[in-house]
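Analysis of the macromolecular model
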Amino acid sequence: MREDDDVDGRVTLAEVASQAGVSLSTVSKVLNGRSDVSRPTRSKVERLLETHGYRRRTHAAPLAPLIEIVFHELESVWAMELIRGVENVAKENNAGVVLTESGTRHAPGPDWVEGVLRRRPLGVVLVFSTLPDNVKKQLRSRAIPFVIIDPAGDPEPDVPSVGSANWSGGMAATRHLIERGHERIAIITGPEDMMCSLARLDGYRSAMAMAGLTADPRFVRFGDFHVQGGFSHAMELLEGPDRPTAIFAGSDLQALGALEAARLRGLSVPEDLSVVGYDDVPLAQWSSPALTTVHQPLRGMAEEAARMLLRPRDPGKAALRIELATELVVRQSTAPPPGDA
């Protein structure tokens, strides 16, 4: 690394090293995410770089033309749709894609940062609801752009993000069931600590209220967006005669679990029970029966996020938030309730 790296000539790395009381090579190690620097020294150097507004020269090419996408898990078809979206844009720009699994559904783990600083990708797409302040500072000081794919709809104001209309999706799914004649409608949304789960639940409650229907608290369940969560909650909901005639699942995977629960309870879909999913992953149209669902443009969200990374941006402007529309896709898993004329 050259000692005359600067931002508009205001500070050199040699000056940062002098103020921190460390060698120039130590500053270089911090900038490149090396692990052989003590935490106090790293913090001191990071603080000075931030204070001086240091940015690596943006015309310096990354080590490889890569776009990195980071998940907390890579198991679901939901993740595959996002990966395909990023890959589409990467191919258009002659870049590769790096997949990383790290952290929880809220934020990446601390171990991830050192690796991405070494790789120096063109940019990073993060599938999380937030990003720690220290991580933002590290990425910005290395001129590594980042965008959060945030289905929650509640991004931090300084973070570029792409999301979708969760409240409208929940409203459309529930309204469709009401229009079919259902009144006893259950919802299996996602985790209670995720804004997207709450937004879909709010859409469900709004649709029920607008139709003059009461949302039975027993019919409101918080799942995990996976098949097992949908199956477990549906098995409980469908036990006994006092059951819902329709279930709105907050993900297609949970809806597939609900279909299996209905089968084991001896119920036919849609004759005895209507089911609506959310996401419209490819599996939805191949379930039996084909799943009515809310189309969330996952691939489009990932494509837009990747394009945002590669688009020049004025640092003085507010972070861009893009929200894509959702749309109800009606297939064969919904019908009027049993006994309805």
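The coordinates are above.
Residues numbered from 1 in each chain as written. Predicted model: local features only at pLDDT ≥ 70, side-chain atom pairs only at ≥ 80, totals over all residues. Heavy atoms only, no water.

For the bond running from V269 to P270, omega is 10 degrees, close enough to zero to count as cis. Looking at where P270 falls in the secondary structure, it is placed in the loop between α10 (252-264) and β9 (274-279). Phi at N94 is positive, roughly 55 degrees, even though this residue is not glycine. Relative to the elements of secondary structure, N94 occurs in the loop between α4 (77-92) and β2 (96-101). By relative accessible area, which is 70% here, N94 ends up exposed. One non-glycine residue, R120, lies in positive phi territory at about 45 degrees. Mapping R120 onto the fold places it in the loop between α5 (111-119) and β3 (123-126). (Helix = DSSP H or I, 4+ residues; strand = E, 2+ residues; numbered from the N terminus. Buried < 20%, exposed > 50% of the residue type's maximum accessible area, 1.4 Å probe, protein only.)

Looking now at the sheet that holds strand β6 (residues 185-189). Pairing is mixed across the open sheet formed by six strands, whose spatial order is β7-β6-β8-β9-β10-β12. On the outer flanks of this sheet lie β7 (220-222) and β12 (327-329), each paired with one strand and no other. Taken over all neighbouring pairs, the strand axes of this sheet differ in orientation by 20 degrees on average, direction set aside. The pairing of strand β10 (residues 292-295) with β12 spans three bridges and is classified as antiparallel. If you follow T293 over to β12, its bridge partner there is V329. Here helix α8 (residues 195-210) sits on the sheet and contacts β6, β7, β8 (246-249) and β9; the angle it forms with β6, its principal contact strand, is near 170 degrees. (Pairing = 2+ DSSP bridges. Axes fitted to C-alpha atoms, helices over the stretch in contact; angles between N-to-C directions. Contact = heavy atoms within 4.5 Å.)

On to the nonpolar core, then. Core analysis: the largest hydrophobic core is formed by 25 residues, its most contacted members being I67, I69, F71, L82, V125, I149 and V162. At the level of secondary structure, the elements contributing two or more residues to this core comprise β1 (66-71), α4, β4 (146-149) and α11 (298-310). F219, A234, A261 and A284 belong to the second-largest nonpolar core, a separate cluster that totals 21 residues. (Core = buried A, V, L, I, M, F, W, Y, C linked by side-chain atoms within 4.5 Å.)

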